[in-house]
Amino acid sequence: MNVWTRRVVIATAAVSMALSVAACGKAGDGGKSGGDGKTIGLLLPENKTTRYETFDRPLITKKIEALCPDCQVKYNNADQDTQNQKKQFDALITQGVKVIILDPVDYKATKSWVNQAAKQGVKVVAYDRLAEGAISAYVSYDNEKIGRLQGEALVKALGDRAKDSNVVMINGSPTDPNAPFFKRGAHSVLDKQVKKVVYEQDIPDWSSDEANKKMSAAIDALGKDGFQGVYSANDGMAGGIITALKQQGITVPVGGQDSELAGLQRVLRGDQAFTIYKQIQPQADTTAEIAVRLLKGEAIGALAPTKVDSLSGEVKGIPAKLYDAQIVTKDNIASTVVKDKVYPVSRLCAGDTAAACAAAGIK
């Protein structure tokens, strides 16, 4: 590269940088200072679970912009890294952001961050997962009830042989505060209505690959006929589990959660028995409205009518809104997920799912 070319490249880069700075402050940007009192931070935990980037982020951002057109949203995804999320959180505080929506990677790790933020007058809204510390509000689902629904759906899928069935349980990430509630709810049903839970593992980071490995280990330990059903805490892991089962020629009911596109397609094709449908839009909209009200110094009582305590019990009476969920099987996909237009039918029924969609009356 000659001198003249280098100067052109440097000059072009400088202009590009200037334009980039001038464009900061739009929803999703990370560059503009939040000290103007009109900026809301949004920190999501990971992108392995497809819902966060596909639904949560755009829905929350859209609602905030509708409620407060001159508000800014500063967004970051932690990519399942607690230290990365701490840096993102600290950066928002440094920039003067006064309201942060936080879906924590590791709920226990947030205690010191949230408490320090509260001392500086920063309001933190726990989204989907209840973080530790002086949280101002919490929006999620009745997660123990979701676990019960999962257990009930697996028992129904096992049918008349449920009482004589052994079950493998593949649970969610130990750092996710929702995972113990899913597990507890599922156990409250399965421990009474199946023969025995014969193998159980928690999966770090909700990893599909790790779930696949644990399922393979369960098959090795129990034999192909040593279990009759599999509880999977979410759809992503169910995908890995079902792959492991197919490789061994095993067909047993497997459940999931989140109504991910791939999970729903497996349900339609008969590879997965059920999933759990959690309407994300109401959760996202309520969270956005709470954040905007906190930013404006307005009351949030009507939006968060329930009170919950932190998992450690150190923080009592956190204002909360907990939504319900429902079981989705092949029989009611059309009246739930399709009716709510969660995914375009063209995507849901693509490829080898087309015939299954037609059989389920989905057009």
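Coordinates for the structure precede this section.
Residues numbered from 1 in each chain as written. Predicted model: local features only at pLDDT ≥ 70, side-chain atom pairs only at ≥ 80, totals over all residues. Heavy atoms only, no water.

Explain helix α9 (residues 261-269) to me, and be specific about the residues and the numbers.
When you tally the buried positions in α9, you get seven out of nine residues, the bulk of the element. Restricting attention to buried positions, one finds in α9 the residues L261, G263, L264, Q265, R266, V267 and L268. For α9, the secondary structure elements touched by its buried residues are α8 (235-247), β9 (275-277), β12 (326-328), α11 (334-338), α12 (345-348) and α13 (354-359). The positive-phi residue at the C-terminal boundary of α9 is G270, with phi of around 90°. (Buried < 20%, exposed > 50% of the residue type's maximum accessible area, 1.4 Å probe, protein only. Helix = DSSP H or I, 4+ residues; strand = E, 2+ residues; numbered from the N terminus. Contact = heavy atoms within 4.5 Å.)

Could you give an account of the sheet that holds strand β5 (residues 137-141), with specific residues and numbers?
Pairing between sheet strands relies on hydrogen bonds along the backbone, with the strands arranged either parallel or antiparallel. An order of β2-β1-β3-β4-β5-β11-β10 is seen for the seven strands of this open sheet, with the pairing classed as mixed. Looking along the sheet, the strands with just one partner apiece sit at the ends: β2 (72-77) and β10 (306-308). Each adjacent strand pair in this sheet contributes to an overall mean axis angle of 25°, direction not counted. The pairing of strand β3 (residues 99-102) with strand β4 (residues 123-127) spans four bridges and is classified as parallel. Of the residues in β4, the one forming a bridge with I101 is V125. Sitting on the sheet, helix α3 (residues 82-94) is in contact with β1 (39-44), β2, β3 and β4, with an inclination near 175° to β1. (Pairing = 2+ DSSP bridges. Axes fitted to C-alpha atoms, helices over the stretch in contact; angles between N-to-C directions.)

Just give me the short version of the pattern of salt bridges, but keep the residues and values in it.
Throughout the structure, instances matching the rule amount to 17 salt bridges. E314 serves as the salt-bridge partner of K111, at 2.7 Å between the closest nitrogen and oxygen. Within this pair, whereas K111 is found in helix α4 (residues 111-119), its partner E314 is found in the loop between β10 and β11 (318-323), the two being separated by 203 residues in sequence. On the basis of relative accessibility, which here comes to 32%, the residue K111 falls in the partly exposed class. Classification of E314 by relative accessible area gives exposed; the value is 52%. A salt bridge links E210 to K213; the nearest nitrogen and oxygen atoms lie 3.5 Å apart. Within this pair, E210 and its partner K213 are both found in helix α7 (residues 208-222), separated by three residues, close to a single helical turn. For E210, a relative accessible area of 26% translates into the label partly exposed. By sharing partners, the salt bridges in this structure join K246, R269, D271 and D352 into a single network. (Salt bridge = Lys/Arg side-chain N within 4 Å of Asp/Glu carboxyl O.)

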